[in-house]
Amino acid sequence: MSKLVGAGLVGCPPGLEGVMIGYATDASSFSIFEKNSASELLAFLMQSFGKRAPEGERQVVEHERYKCYAYKHNGLVGQVIAEAAYPEEAAFSVIAKMLHDYLERHGDAWKTLSRLDKATGDFLHSLLTKYGHDSAAATAILAVEKRLVSSTPTSAKTVEGMLRPGETLEGLISSSNHLSATTKAAVQAASLSGRSCC
């Protein structure tokens, strides 16, 4: 059974760098040695690609055996990372619910946040718990959020397609101030051995 492994909200006010407002990860499918690095890398990918999401367009970015789904609404990006077999409509249904519920509770308060918000992380964790293993429940949201989920175009890209000319994922990871040395080493070791890092 496929599942969601991450959920995040990134604020992208015009002209400013994207700020990770909150995230939650489910690293239970990773070994005990990989859990922390996997969670850290998932958060990094959500922040990195969230700030590059086009306004008003559903986006799917594929990486190894995962897909990152994102939707930006008035500068606020909702996203989930799922195992590749998790249904696309279910993923976008969770994002629609995430954005709707967050904006209903907090309005534009995200525009003043400059760092992670614990309450937002808790909110995202509850969504991940509720819909992460149950794509049927996520698809049921579709009836409520149909306008957002089904009326926007979807762009599908690979991670390489999201990178700027001359940029590599390994380069982004190695130059990041958001990742620990342990996570950077795990990614490098996975890359050198030809296996998936997450």
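Attention here is on the structure that accompanies the text. (Residues numbered from 1 in each chain as written. Predicted model: local features only at pLDDT ≥ 70, side-chain atom pairs only at ≥ 80, totals over all residues. Heavy atoms only, no water.)

1. So, the packing of aromatic side chains
Line of reasoning, step 1. If you walk through the whole model with that rule in mind, you get 1 aromatic pair.
Line of reasoning, step 2. Taking NZ or CZ as reference, R58 lies 4.4 Å from the ring centre of F92, over its face. (Phe/Tyr/Trp six-rings, centres within 6.5 Å; stacked < 30°, edge-to-face > 60°. Lys NZ or Arg CZ within 6 Å of the ring centre and 35° of its normal.)

2. Section: the nonpolar core
Line of reasoning, step 1. Judged by nonpolar contacts, the single largest core of 28 residues is most densely connected at L9, Y69, V80, Y86, M98 and L124.
Line of reasoning, step 2. At the level of secondary structure, the elements contributing two or more residues to this core comprise β1 (4–11), β2 (19–25), β4 (66–73), β5 (76–83), α2 (88–106), α3 (118–131) and α4 (135–141).
Line of reasoning, step 3. With 8 residues, the single largest contributor to this core is α2.
Line of reasoning, step 4. Ignoring any residue separated from it by four or fewer positions in sequence, one finds L9 in contact with V19, M20, I21, G22, L76, V77, G78, M98, L99, Y102, T120 and L124.
Line of reasoning, step 5. The next biggest cluster of nonpolar side chains, apart from the first, holds 24 residues, and it includes F49, A70, I173 and L179. (Core = buried A, V, L, I, M, F, W, Y, C linked by side-chain atoms within 4.5 Å. Buried < 20%, exposed > 50% of the residue type's maximum accessible area, 1.4 Å probe, protein only. Helix = DSSP H or I, 4+ residues; strand = E, 2+ residues; numbered from the N terminus. Contact = heavy atoms within 4.5 Å.)

3. A few points about the packing of α2 against α3
Line of reasoning, step 1. In the contact formed by α2 and α3, the axes pass within 11 Å of each other and the chain directions differ by 145°. The way α2 lies across α3 gives a crossing that is right-handed. From α2, V94, K97, M98, D101, Y102 and R105 reach across to α3, where they touch T120, F123, L124, L127 and Y131. (Axes fitted to C-alpha atoms, helices over the stretch in contact; angles between N-to-C directions. Left-handed = near helix turned anticlockwise from the far one by under 90°.)

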